[in-house]
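Chain and residue survey
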Amino acid sequence: MEEEVLLQDDDVEGSWTLLSWLASCLMVFGGALPYVPQYQEIQRSNNSEGFSTRVCLVLLIANILRIFFWIGKQFELTLLLQSVVMILAMFAMLHLCCMVQNTNRVSTKQHRLSDLDFRYFWKWSAFEDYLLFCFGFTVLCAVVTLLLLDSAVFVETLGSLAVMFEAMLGLPQLLQNFQNHSTKGMSVKMVLLWMAGDVFKTTYFVINESPTQFTICGSVQILIDVAILLQVLFYSQDTRAKLG
């Protein structure tokens, strides 16, 4: 009887370990999955106007800051790996958007980071400029973190900034939809996956007792996801026709 109980305990422990491993894998790669349908939509239509590249800016800054937050306060390794995967995914999105925009550009005028023209910030023509900006931002963060790493206040502030930027993930898309009075070109699948991912990761943060900043971030993201989905309904042809 005791042997049977031990075997059952081992089975339960093994199942829990497997579920925990699967949840960790989903956390690492799940954040990048919503961008697959948007990537495919841009490739199919050869048009990137419906996607706000400022989403990439927000996520790049948030995840670079999160990496330095991890250096100061080592939380789950899963969240560190998630940041690395997300940075690579955002570079892939920016690379595609640059290629599509350069193909469709009528004017020969190029906007470069070296122009130092704030009007065209994050609207550069060359993918290399986005890489250069992120490299400079990373170096700046590294220097400041090295100097202030012993300060608990700095480390907590760094974490708060990281999650604050991540919480604003959907805001650029929300504002672009409002400005265009349309969600055309935006992948609804992407937003639905955002929502599913945000609900999952917020639950993950609560269960794993992650730093409070992460839970607050996830909750704000869910609210913005809902707002974008409401825009999809409001800006649809049928809804607009009913409202006159």
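Described in the following lines is the structure provided in the data block. Please read these numbers as outputs of a predicted model, since none were measured by experiment. (Residues numbered from 1 in each chain as written. Predicted model: local features only at pLDDT ≥ 70, side-chain atom pairs only at ≥ 80, totals over all residues. Heavy atoms only, no water.)

A separate point is the overall build of the protein. Secondary structure summary: the protein contains 10 helices and 0 strands in total. Counting over 244 residues, the protein shows a buried share of 42%. Sequence separation of 24 or more characterises 76% of the internal contacts of the protein that already satisfy a separation of 6 or more. For the protein, the accessible surface area stands at approximately 14100 Å², while carbon and sulfur atoms represent 67% of it. (Helix = DSSP H or I, 4+ residues; strand = E, 2+ residues; numbered from the N terminus. Buried < 20%, exposed > 50% of the residue type's maximum accessible area, 1.4 Å probe, protein only. Contact = heavy atoms within 4.5 Å. Areas by Shrake-Rupley, 256 points an atom, 1.4 Å probe, with all protein chains shown as cover.)

The N-to-C vectors of helix α4 (residues 77-104) and helix α5 (residues 127-148) enclose an angle of 150 degrees; their axes lie 9 Å apart at closest approach. Accordingly, the angle class assigned to the pair α4 and α5 is roughly antiparallel. Residues Phe91, Leu94, His95 and Cys98 of α4 lie in contact with α5, whose contacting residues are Phe127, Tyr130, Leu131 and Cys134. Taken together, the residues that form the contact of α4 with α5 break down as 7 nonpolar, 1 polar and no charged. (Axes fitted to C-alpha atoms, helices over the stretch in contact; angles between N-to-C directions. Parallel < 35°, antiparallel > 145°, perpendicular 65-115°, else oblique. Nonpolar A, V, L, I, M, F, W, Y, C, P; charged D, E, K, R; others polar.)

In the structure shown here, the tally under the stated rule is 12 aromatic pairs. Where Phe121 meets Phe133, the ring centres are 5.4 Å apart and the plane angle is 75 degrees; that geometry is what we call edge-to-face. With Phe121 in the loop between α4 and α5 and Phe133 in helix α5, this residue pair connects regions lying 12 residues apart in the sequence. One aromatic cluster is present, formed by Phe118, Phe121, Trp122, Trp124, Tyr130 and Phe133 through successive ring pairs. (Phe/Tyr/Trp six-rings, centres within 6.5 Å; stacked < 30°, edge-to-face > 60°.)

In this model helix α6 (residues 152-167) runs 22 Å from its N-terminal to its C-terminal C-alpha over 16 residues, within 8% of the 22 Å that 1.5 Å per residue would give. Residues of α6 that are buried include every one of Phe154, Val155, Leu158, Gly159, Ala162, Val163, Glu166 and Ala167, and no others. Taken together, the buried residues of α6 touch α3 (54-72), α5, α8 (188-207) and α9 (212-234). (Expected span 1.5 Å × (residues − 1).)

A few words now on the state of the cysteines. Under the counting rule described, the total for this entry stands at 0 disulfides. The closest cysteine sulfur to the non-disulfide-bonded Cys97 is located on Cys56, 6.1 Å from its own sulfur. (Disulfide = S-S within 2.5 Å.)

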